[in-house]
2 protein chains.
Amino acid sequence: MATDMTLIWFSGSPPCWRVMIALEEKNLQGYNQKLLDFLKGEHKSQEVLDINPRGQLPAFKHGNNILNESYAACLYLEEQFKSQGTRLIPMAAPEQALTYQRMFEGENALRDVFPEGERHDSSLKRHREALTAELKLWEGYLEKLGAGSYLAGKNFTLADVVVFPCIAYKNYPRLAGYYGLLKERPSVKTSWPKNWLETPQAEDKLKDI
Amino acid sequence: MATDMTLIWFSGSPPCWRVMIALEEKNLQGYNQKLLDFLKGEHKSQEVLDINPRGQLPAFKHGNNILNESYAACLYLEEQFKSQGTRLIPMAAPEQALTYQRMFEGENALRDVFPEGERHDSSLKRHREALTAELKLWEGYLEKLGAGSYLAGKNFTLADVVVFPCIAYKNYPRLAGYYGLLKERPSVKTSWPKNWLETPQAEDKLKDI
């Protein structure tokens, strides 16, 4: 039981979801957790600021070690609990290279097309084109790897942990196959944002791409 | 000699500089390299697109393994050459957590205040305020660690490799001390962008912050 860990999170936040999937994959259930309400501004509380001076979530602690950035938390959990649960960074160089490459392509490219606070209609056309081009690239990656593949090959890796929460729901043929593969995975199923089950992506102006 | 590695790069690109520092720190000199001219659009050539379909640099290959994202390349080099050169990810949990945390704080927070292609004067005030707040945080981190510290403590880590190219030149007291510590480091000195030596930050509208 991971009683020396604490996660403060939002439901429906991809960065929070990543940390929750990683915790499940590493068999680190039983951590302390606190679900906050973004709309009430609860993430600007002193409790959060004490862990994360930027007042953002996730806020994650393992003992006295603070890891508020989702990629940092995932890499740390893999490194500290390497032989526990799923091995998330492959040891063989080709698979390891692809895992790291896809992890950061996901972060950089998908972030560029979803800039926070920039969802004005004026920029929507630009985002729409960029997102379409980007999703076609990911379709191509999955097509090349073959049916039933994860993002870095035959095994579930940290690339899936961090990228799935961003691309899961996009309606492209191979991404849809990938979605089907991951939605039944226990770590993903357990941590699926409850508000997405109720009103899936209701707020997403780019949801039809 | 790292003759099985190829790096295509721009001078003055923080992501390219990161990979070059990591290669130096891991004693991987002698790699094949090609310096391109951004203004001539040379990064949209077929040679680059064959490695990086987004036509961005760095484009980096180790044998057949492709790592175009600077963080991916740095993590891969550390993992594949762990016992060679400088150990860039500390093994002890507290130092490791801080290294990962600072690596991604650098990526996320500093990126948010330097959005590419968004340097219009209209958004300059907002960026200026955000950057000032952000740099004050980093000043505080360095102050807490004490004089002569690197970003994650007493040792040079991957946090320095990836964050230094973004914050090096900012004129804050502790950041200036940190700059003084790193500018004489062989890996940093060897890879310092030549055009920055000639016209340091001439293009940076936020340089006076």
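- By the naming in an unreviewed UniProt entry, chain A is Glutathione S-transferase rho, taken from Gadus morhua.

Examining the overall build of chain A
Move 1: Broken down by element type, chain A carries nine helices and four strands.
Move 2: Element order for chain A, N to C, with α for helix and β for strand: β-α-β-α-β-β-α-α-α-α-α-α-α.
Move 3: For chain A, buried positions account for 54% of its 209 residues.
Move 4: Across chain A, contacts joining residues at least 24 apart in sequence account for 70% of those joining residues at least 6 apart.

Examining the pairing of strand β1 (residues 5-9) of chain B
Residue and element names in this part refer to chain B.
Move 1: By the criterion of burial, β1 is predominantly enclosed, with four of the five residues buried.
Move 2: In this sheet, strand β2 (residues 32-35) lies alongside β1 in parallel orientation, the contact comprising four bridges. Following the sheet pairing, Trp9 is matched in β2 by Leu35.
Move 3: Following the chain from β1 across helix α1 (residues 14-25) to the adjacent parallel β2, one finds a crossover that is right-handed.

Here we look at the sheet that holds strand β4 (residues 65-66) of chain A
Residue and element names in this part refer to chain A.
Move 1: Pairing is mixed in the open sheet, where four strands are placed in the order β2-β1-β3-β4. Edge positions in the open sheet fall to β2 (32-35) and β4, since each of these has one partner strand only.
Move 2: Looking at chain direction, strand β1 (residues 5-9) and strand β3 (residues 59-62) are connected through four bridges and run antiparallel. From the neighbouring strand, Ile8 faces β3, where its bridge partner is Ala59.

Structural notes on the relation of the copies chain B and chain A
Move 1: Take chain B, turn it by 180°, move it 0.0 Å along the axis, and it overlays chain A with an RMSD of 0.0 Å. What the superposition gives is, in effect, a two-fold axis relating one chain to the other.
Move 2: Mapped onto chain A, 100% of the interface residues of chain B are again interface residues, and the two copies thus contact each other with one and the same surface.

Side note on the sheet that holds strand β3 (residues 59-62) of chain B
Residue and element names in this part refer to chain B.
Move 1: Across the sheet, four strands lie side by side as β2-β1-β3-β4; this open sheet has mixed pairing. Edge strands, defined here as strands with exactly one partner in the open sheet, are β2 and β4 (65-66).
Move 2: Contacts between α1 and the sheet are confined to β1, β2 and β3, with β1 contributing the most and set at about 150° to the helix.

Quick look at the interface of chain B and chain A
Move 1: On the chain A side, the residues contacting the 34 residues of chain B number 34 residues.
Move 2: Taken together, the two surfaces of chain B and chain A that pack against each other cover about 2900 Å², and 48% of this comes from carbon and sulfur.
Move 3: In this assembly, chain B and chain A are joined by five salt bridges.
Move 4: Between A:Arg54 and B:Glu105 there is a salt bridge, with its nearest N and O atoms 2.7 Å apart.
Move 5: For the pair chain B and chain A, the interface holds ten residue pairs in polar contact (both at pLDDT 80 or more).
Move 6: Secondary-structure elements contributing two or more residues to the side of chain B that touches chain A are β4, α3 (70-80), α4 (93-113) and α5 (121-145) of chain B.
Move 7: Among the elements that line the side of chain B that touches chain A, the one with the most residues is α4(B), at 13 residues.

Concerning the pairing of β3(B)
Move 1: As judged from the two bridges shared by β3(B) and β4(B), these two strands associate in the antiparallel manner. Its bridge partner lying in β4(B), B:Lys61 is registered against B:Ile66.

Comments concerning the packing of helix α1 (residues 14-25) of chain A against helix α3 (residues 70-80) of chain A
Residue and element names in this part refer to chain A.
Move 1: The geometry of α1 relative to α3 is characterised by a closest axis approach of 9 Å and an angle of 10° between their N-to-C directions. The pairing of α1 with α3 is recorded here as roughly parallel in orientation. For the pair formed by α1 and α3, the contact residues are Pro15, Arg18, Val19, Ala22 and Leu23 on the first element and Ser70, Tyr71, Ala73, Cys74 and Leu77 on the second.
Move 2: Tallied by class, residues from the contact of α1 with α3 come to eight nonpolar, one polar and one charged.

As for α3(A)
Move 1: By the criterion of burial, α3(A) is predominantly enclosed, with ten of the eleven residues buried.
Move 2: All of the buried residues in α3(A) are A:Ser70, A:Tyr71, A:Ala72, A:Ala73, A:Cys74, A:Leu75, A:Tyr76, A:Leu77, A:Glu78 and A:Glu79.

Some remarks on the side chain of A:Asn52
All names here are of chain A.
Move 1: Examined against the element boundaries, Asn52 turns out to sit in the loop between α2 (46-51) and β3.
Move 2: The class of Asn52 is buried, set by a relative accessible area of 3%.
Move 3: Reaching out from Asn52, the side chain makes a polar contact with the backbone oxygen of Gln56 at a distance of 2.9 Å.

Conventions and cut-offs
- Residues numbered from 1 in each chain as written.
- Chains lettered and ligands numbered in written order.
- Predicted model: local features only at pLDDT ≥ 70, side-chain atom pairs only at ≥ 80, totals over all residues.
- Heavy atoms only, no water.
- Helix = DSSP H or I, 4+ residues; strand = E, 2+ residues; numbered from the N terminus.
- Buried < 20%, exposed > 50% of the residue type's maximum accessible area, 1.4 Å probe, protein only.
- Contact = heavy atoms within 4.5 Å.
- Pairing = 2+ DSSP bridges.
- Right-handed = clockwise from strand over helix to strand, strands pointing away.
- Least-squares fit on C-alpha atoms with pLDDT ≥ 70 in both.
- Axes fitted to C-alpha atoms, helices over the stretch in contact; angles between N-to-C directions.
- Buried area = accessible area lost by both parts, 1.4 Å probe.
- Salt bridge = Lys/Arg side-chain N within 4 Å of Asp/Glu carboxyl O.
- Polar contact = N/O pair within 3.5 Å; in protein donor to acceptor, adjacent residues only side chain to side chain.
- Parallel < 35°, antiparallel > 145°, perpendicular 65-115°, else oblique.
- Nonpolar A, V, L, I, M, F, W, Y, C, P; charged D, E, K, R; others polar.

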